[in-house]
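Structural overview
Each chain, letter by letter, is given below.
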Amino acid sequence: MSDFDYDLFVIGGGSGGVRAARVAAAEGAKVGLAEDDRMGGTCVIRGCVPKKLMVFASSYREAMAEAMEYGWTVHAGGFDWPSFQAKLNSELDRLESVYRNLLDNSGVQTYDARAKIKDPHTVSLSTGEDVTAKHILIATGGHPALPGMDNDHLGITSDDIFHLAELPKRILIVGGGFIACEFACILNGMGVDVTQYYRGAQVLRGFDDEARGLVAEMMAKKGVKLHLGTNIVEMRRQADVDDTASTVTGSDAVMGLSAQDEAAMRHTYSAGKGGPIWVKASNGTTEVFDQVMFATGRNPNTTDLGLENANIDIGRRGEIVVDDYSQTAQPSIYAIGDVTNRVNLTPVAIREGMAFVETVFKGNPTKVDHALIPSAVFTQPELGTVGLTEEEARDQEPVDVYCTSFRPMQQAFIDREDRVLMKLVVSKETDVVLGCHIVAPAAGEMIQLAGIAVKMGATKAQFDQVCAVHPTMSEELVTMKTPMRSA
Ligand code: NDP
């Protein structure tokens, strides 16, 4: 008979926390879980899931334009944000209740409350009660970070974008990471006039140079006004600017719609509640936007968690410091997911949660494997990647680079300028494929499969033994015979 109320108490009901709670409960552990917001966390409520649905919604305008060039008669109506948003909200409600049911059915006791660590085995809940647990798992995730400049509170973040009553006519997106680039493409596709400032020389820092170069080029071709080496130096409310609703015209033409269809697609966009925002940029220009969205990184949720009450170490970015088994400096307390700022991706948090349960509840100490994690940026076109970039690989050892960039059949047929990229970075010494980088529609789907081979340590010769699937874009991955260059 345990001296504690629970064998495990989980703080945070996101993907990682919920998975760990369920799997531990399935092992017979008595589990409690506290969540102070909606069950499901960032991924389900304000991240991957609603974002991906917005990616789908935003892709139809171009698809309709292309359909017309394929011979279809399309009478496009306007994009109705409120109608999409209502559907989106009910889908999120459904998913949240799925998460709650999963926890209930696993026998996990849930608390809709904020939790704070009182001592290494006690959690105080905002409901006023204290609960004790043999093990505590912190899975509180992260939150969008503002850049810390004057008036940055006038801007919105990715948390707010799903709740806008109306789409802005003109938006400035600041940042060049996953979130900035994905939302620049989404909003551009929805007909919003998108300007993006990135302070560095090329967006998507850390990804393969050639791949991110092509993504940036395609984003610009599709209408995103991308300004590199640019940041905001001053921003304030343009109170005297007329904030009445206006219509979008220009960017629809980019997609190749006829004037009639373009007119049919017109719809009203309006400024944010507080009115337009005047921005002065580091390139000397001044512009007025209806919204400014900061996608300038995310910080771990460690504030007011009571970490000092259990001597838990915090790193430079505010993250909880853990070892390879996700254990903190306090032996009874573990942490997983974005709050540890290791690899901030949903499937990684879930794996960290599973490894934690293996280690603590199954007596099988399991380190989390953070090597060769495939990932995708859902820009238009998407970027899928696994393993080393060419730049990382050539710093490590001599490599051969197999690369091809071409117009895909579907778009070449209607004389579109879209290009895709397939790239393999291969060790000269061992022939092992060290990295695979794909820029293409559905690159996220492709890289999941290529990731299996790369994770298995496949060589280029083994890639080449696989027969091509014809005609596809990804067949190039097994048909590139000659290296484009060695590095
Ligand atoms: P990132 O860290 O990827 O990007 C932040 C961006 O903001 C960088 O371009 C950075 O520039 C810039 N930036 C930071 N501070 C400032 C500043 N003060 N002024 C101007 N620019 C600034 O963060 P995101 O918010 O885009 O995403 C967070 C994480 O969420 C990702 O790293 C990823 O792990 C995860 N995510 C994954 C997705 C997916 O799997 N598809 C989708 C969305 C998020 P610089 O490069 O110069 O530092």
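Calculation criteria
Residues numbered from 1 in each chain as written. Predicted model: local features only at pLDDT ≥ 70, side-chain atom pairs only at ≥ 80, totals over all residues. Heavy atoms only, no water. Helix = DSSP H or I, 4+ residues; strand = E, 2+ residues; numbered from the N terminus. Pairing = 2+ DSSP bridges. Contact = heavy atoms within 4.5 Å. Axes fitted to C-alpha atoms, helices over the stretch in contact; angles between N-to-C directions. Near = heavy atom within 4 Å. Polar contact = N/O pair within 3.5 Å; in protein donor to acceptor, adjacent residues only side chain to side chain. Areas by Shrake-Rupley, 256 points an atom, 1.4 Å probe, with all protein chains shown as cover. Phe/Tyr/Trp six-rings, centres within 6.5 Å; stacked < 30°, edge-to-face > 60°. Buried < 20%, exposed > 50% of the residue type's maximum accessible area, 1.4 Å probe, protein only. Lys NZ or Arg CZ within 6 Å of the ring centre and 35° of its normal. Salt bridge = Lys/Arg side-chain N within 4 Å of Asp/Glu carboxyl O. Core = buried A, V, L, I, M, F, W, Y, C linked by side-chain atoms within 4.5 Å. Expected span 1.5 Å × (residues − 1). pLDDT = per-residue confidence, 0-100. Parallel < 35°, antiparallel > 145°, perpendicular 65-115°, else oblique. Left-handed = near helix turned anticlockwise from the far one by under 90°. Nonpolar A, V, L, I, M, F, W, Y, C, P; charged D, E, K, R; others polar.

**Some words on unusual backbone geometry**
That bond from glutamine 380 to proline 381 is cis: its omega, 10 degrees, falls within 30 degrees of zero. Mapped onto the secondary structure, proline 381 falls in the loop between β19 (375–377) and β20 (382–387). Note the cis peptide between histidine 470 and proline 471, where omega equals -5 degrees. Even without being a glycine, asparagine 311 presents a positive backbone phi close to 55 degrees. On the secondary structure map, asparagine 311 appears in the loop between β17 (298–300) and β18 (333–335). We note that serine 326 has phi near 70 degrees; this positive angle belongs to a residue other than glycine. Following the sequence through the fold, serine 326 ends up in the loop between β17 and β18.

**Topic: the sheet that holds strand β22 (residues 420–427)**
Taken together, the six strands give an open sheet; going across it, the order is β19-β20-β23-β22-β21-β24, and neighbouring strands pair in antiparallel fashion. Each edge of the open sheet is held by one strand with a lone partner, namely β19 and β24 (485–486). The pairing of strand β21 (residues 399–406) with β24 spans two bridges and is antiparallel. Counted as the bridge partner of valine 401 is arginine 485 from β24. Running over the sheet, helix α13 (residues 443–455) touches β19, β20, β22 and β23 (433–440) and is turned about 170 degrees from β23.

**Observations concerning the site of the ligand**
Around the ligand sit 20 residues, and of these Gly176, Tyr198, Arg205, Asn344 and Ala376 come closest. Separating a nitrogen atom of the ligand from a side-chain N or O atom of asparagine 231 is a distance of 3.3 Å. Here an oxygen atom of the ligand sits 2.8 Å away from a polar atom, N or O, in the main chain of asparagine 344. Protein coverage of the free-state accessible area of the ligand, which is 920 Å², stands at 77%.

**Some words on the packing of aromatic side chains**
Centre-to-centre distance and the angle between the planes together describe a pair of aromatic rings. Scanning the entire structure with this criterion turns up 10 aromatic pairs. For the pair phenylalanine 9 and tyrosine 111, a centre-to-centre distance of 5.8 Å together with 45 degrees between the ring planes defines the contact as tilted. With a gap of 102 residues between them, phenylalanine 9 in strand β1 (residues 6–11) and tyrosine 111 in strand β3 (residues 109–111) connect regions that are remote in the sequence. Here phenylalanine 9 matches tyrosine 111 in class, with each residue buried. Joined through ring pairs, the aromatic side chains of Tyr6, Phe9 and Tyr111 make up one cluster. For the cation-ring pair, lysine 30 lies above tyrosine 6, with the distance from its terminal atom to the ring centre recorded as 5.3 Å.

**Looking at the pattern of salt bridges**
Enumeration over the complete set of coordinates arrives at 33 salt bridges. With its nearest N and O atoms 2.6 Å apart, the salt bridge here joins lysine 423 to glutamate 210. Here lysine 423 is found in strand β22, whereas its partner glutamate 210 is found in helix α7 (residues 209–221), with 213 residues between them in sequence. Of the residues examined, lysine 423 reaches a relative accessible area of 0% and is grouped as buried. What makes glutamate 210 partly exposed here is its relative accessible area of 27%.

**Looking at the nonpolar core**
One finds Ile161, Ile173, Leu187 and Met190 to be the most contacted residues of the largest nonpolar core, which totals 50 residues. Residue contributions to this core peak at seven residues, all from helix α6 (residues 178–189). Every residue in contact with isoleucine 161, bar those within four places of it in the chain, is listed here: Trp81, Ile156, Ile171, Phe183, Leu187 and Met293. Of all hydrophobic cores here, the second largest spans 25 residues; its members include Ala29, Val31, Val44 and Val360.

**Looking at α7**
Its 13 residues place the ends of α7 18 Å apart at the C-alpha level, agreeing with the 18 Å of an ideal helix rising 1.5 Å per residue. Of the residues that open α7, the one with a side-chain oxygen 3.1 Å from the backbone nitrogen of glutamate 210 is aspartate 208. Glycine 223 sits one or two positions beyond α7 and adopts a positive phi of about 120 degrees.

**With respect to the sheet that holds strand β9 (residues 193–198)**
Spatially, four strands are ordered β10-β9-β8-β16 in an open sheet, and the strand pairing comes out parallel. The open sheet has two edge strands with one neighbour each: β10 (225–228) and β16 (291–294). Ignoring which end each strand starts from, the neighbouring axes of this sheet average 15 degrees apart. As paired elements, β9 and β10 share four bridges and run parallel to each other. Across the sheet, the residue bridging to tyrosine 197 is histidine 227, located in β10.

**Here we look at the confidence of the model for the protein**
Model confidence for the protein is summarised by a mean pLDDT of 93, while 93% of its residues fall at 70 or above. Below pLDDT 50 for its whole length, residues 240–257 participates in 41 contacts with residues either more than four positions away or in separate chains. Within the model, the stretch residues 259–271 combines pLDDT values under 50 with 46 contacts to residues more than four positions away or in other chains.

**A closer look at the packing of helix α3 (residues 48–69) against α6**
Packing of α3 against α6 brings their axes to within 7 Å, and their N-to-C directions diverge by 40 degrees. One finds that α3 runs oblique with respect to α6. Note on packing geometry: the crossing formed by α3 with α6 is left-handed. Across the interface between the two elements, Lys51, Met54, Val55, Ser58 and Arg61 from α3 touch Glu182, Phe183, Cys185, Ile186, Asn188 and Gly189 from α6. Partitioning the contact of α3 with α6 into residue classes produces five nonpolar, three polar and three charged.

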